[in-house]
Amino acid sequence: MPTGRTRPSRPAASRWREISGFRHVLWTLALCGLAGCSSPAVPSIEYEILGTFPHDPAAYTQGLLFHDGHLLESTGRYGESSVRRVDVPTGEVLASVAVDSALFGEGLARVDSELVQLTWKSGRAFVYDLDTLDVLREFAYEGEGWGLCYDGESLWMSDGSSVLDRRDPKTFEVLATVDVIRGGLARNRLNELECVGDWIYANVYQTDIIVRIDKATGEVLGEIDLSSVPLSARRPGDPEAVLNGIAYVPATGVLLVTGKLWPKILALRLK
C-alpha cells in the first residue's frame, strides 16, 4: 500500500469491540495512576543474521511463507500484484500469476494444498491451487485485508488495527477476535503475519519492529528490532520500502525476513 494509508474502517461490531477494549485500557491506566503501578517492559528478542539471499527489488512484498524448499510470496500495488513461487538461494521467480489490475494484493497463507491471498480494499480473498497457482474460488469479507497466516487449525488475519480475526479456513467466517496489547496499550498497525506454534509474529507497519504475540491472550511477549539491518539489504530513501515479510522454516527454526522492494532476504536465528 502507499505509505500514507490510514487505519481502516472496521464493521460496526468490530469497532464496538475496539472501543470497549480502549475503555478497558483507559480504566486500567487510571487505576494504575492511583495505585502507582507501571506497565511491564516488553523483552527484546535478540537475533543473529546468518546470511542473506537475493530478493526481487521490484517486489512490493505483502505476504511471505516457506514451503517445500521454496518461498511463496504475495506482492501488491495496483497493476503489479501477484502470487509467486521463488527459489530461495537465487531469488529466481519460478512461477507467477498476476492479480487483476483493479485489485491490490495483500497477505498470503498456505492451507494444506491451497494458498489464500487477501486483497486490500476490495473485500475479496482468492484461493489458489498450491502447485499450479490456478484460482479455485474466492471468499468475501468486510473491511481491509493486510496480513494472513495459518496455524494448522485457523486462519489469522490483520487489518492494520490492533485486532486479529481468527477465521475458519473452509468458510472464512470470523470465529473470534483477539485484541493485541503491548504493556497494557493497544498495539495497532499490525501487518504481515507468520504463525509459529503458540505465537504469531507480526510486522508493525512503517517500523523496523516485529512483535511476538501470544495468540491465546493477544499479549505482546517480545519484540525483534531490525533497525540495525545493513543498508545493503534495504532500499534506502524510498518511504514505501518498509520492513514487511516473515517466513518461518520449521526444519531449522530460521526466520526469513524482507521488506517491500528490498533487494535482500535475511535469514535470522533468534536467541
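Located above this text is the structure these notes cover.
Trainee: How should I be thinking about the pairing of strand E11 (residues 155-158) in this particular structure?
Mentor: Covered by surrounding structure in E11 are Leu155 and Met157 together with Trp156 and Ser158, the residues of both alternating faces. Bridge analysis of strand E10 (residues 148-150) against E11 gives three bridges, and the strand direction is antiparallel. Paired with tyrosine 150 across the two strands is leucine 155, which belongs to E11. With antiparallel pairing between neighbouring strands as the criterion, E10 and E11 make up a hairpin whose turn holds four residues, including glycine 152 at a positive phi of roughly 100 degrees. One ladder, built from four bridges, connects E11 with strand E12 (residues 163-167); its direction is antiparallel. Residue leucine 155 lies in a different strand from E12, and its bridge partner there is arginine 167. Hairpin remark: E11 followed by E12, antiparallel, with four residues in the connecting loop; positive phi at glycine 160, about 90 degrees.

Trainee: Any chance you could explain the state of the cysteines here in plain terms?
Mentor: Defined simply, a disulfide is a covalent bond joining two cysteines at their sulfur atoms. This structure, assessed with the given rule, holds one disulfide. Shown here is the disulfide that connects cysteine 149 with cysteine 195, its sulfur atoms set 2.0 Å apart. Here the S-S torsion is close to 60 degrees, and the disulfide linking cysteine 149 with cysteine 195 is therefore right-handed. Of this pair, cysteine 149 sits in strand E10 while cysteine 195 is found in strand E16 (residues 190-196), placing the two residues 46 residues apart along the sequence. Considered together, cysteine 149 and cysteine 195 belong to a single accessibility category, that of buried residues.

Trainee: It is not clear to me how the layout of surface pockets should be interpreted in this structure. Could you clarify?
Mentor: As a volume, the largest pocket reaches approximately 340 Å³. Looking at the lining of the largest pocket residue by residue, the classes come out as 14 nonpolar, two polar and four charged.

Trainee: Just checking my understanding: could you explain empty space enclosed by the protein for this structure?
Mentor: A probe matching the size of a water molecule, rolled over the atoms, marks out where space remains unfilled. This model, assessed by the stated rule, comprises one cavity of 30 Å³ or more. If you add up the space inside the largest cavity, you get close to 30 Å³. Considering the residues around the largest cavity, the lining is formed by His55, Asp56, Glu73, Arg84, Val86, Gly91 and Val93. In the lining of the largest cavity, the residues fall into two nonpolar, two polar and three charged.

Trainee: Explanation requested: the packing of aromatic side chains in the structure shown.
Mentor: Aromatic rings in a pair are described by how distant their centres are and how their planes are angled relative to each other. Using the criterion set out here, one finds seven aromatic pairs in the structure. Geometrically, the ring pair formed by phenylalanine 104 and tryptophan 120 is edge-to-face, given 5.0 Å between the ring centres and 70 degrees between the ring planes. Of the two residues, phenylalanine 104 sits in the loop between strand E5 (93-98) and strand E6 (105-111) while tryptophan 120 sits in the loop between strand E7 (114-119) and strand E8 (124-129), which places them 16 residues apart along the sequence. With respect to burial, phenylalanine 104 and tryptophan 120 carry one shared label: buried.

Quick notes on the rules
Residues numbered from 1 in each chain as written. Predicted model: local features only at pLDDT ≥ 70, side-chain atom pairs only at ≥ 80, totals over all residues. Heavy atoms only, no water. Buried < 20%, exposed > 50% of the residue type's maximum accessible area, 1.4 Å probe, protein only. Helix = DSSP H or I, 4+ residues; strand = E, 2+ residues; numbered from the N terminus. Pairing = 2+ DSSP bridges. Disulfide = S-S within 2.5 Å. 1 Å grid on protein atoms, 1.4 Å probe; cavity = no way out; pocket = protein on both sides within 12 Å on 5 of 7 lines; lining within 4 Å. Points joined across faces, edges and corners; volume = space filled by probe spheres on them. Nonpolar A, V, L, I, M, F, W, Y, C, P; charged D, E, K, R; others polar. Phe/Tyr/Trp six-rings, centres within 6.5 Å; stacked < 30°, edge-to-face > 60°.

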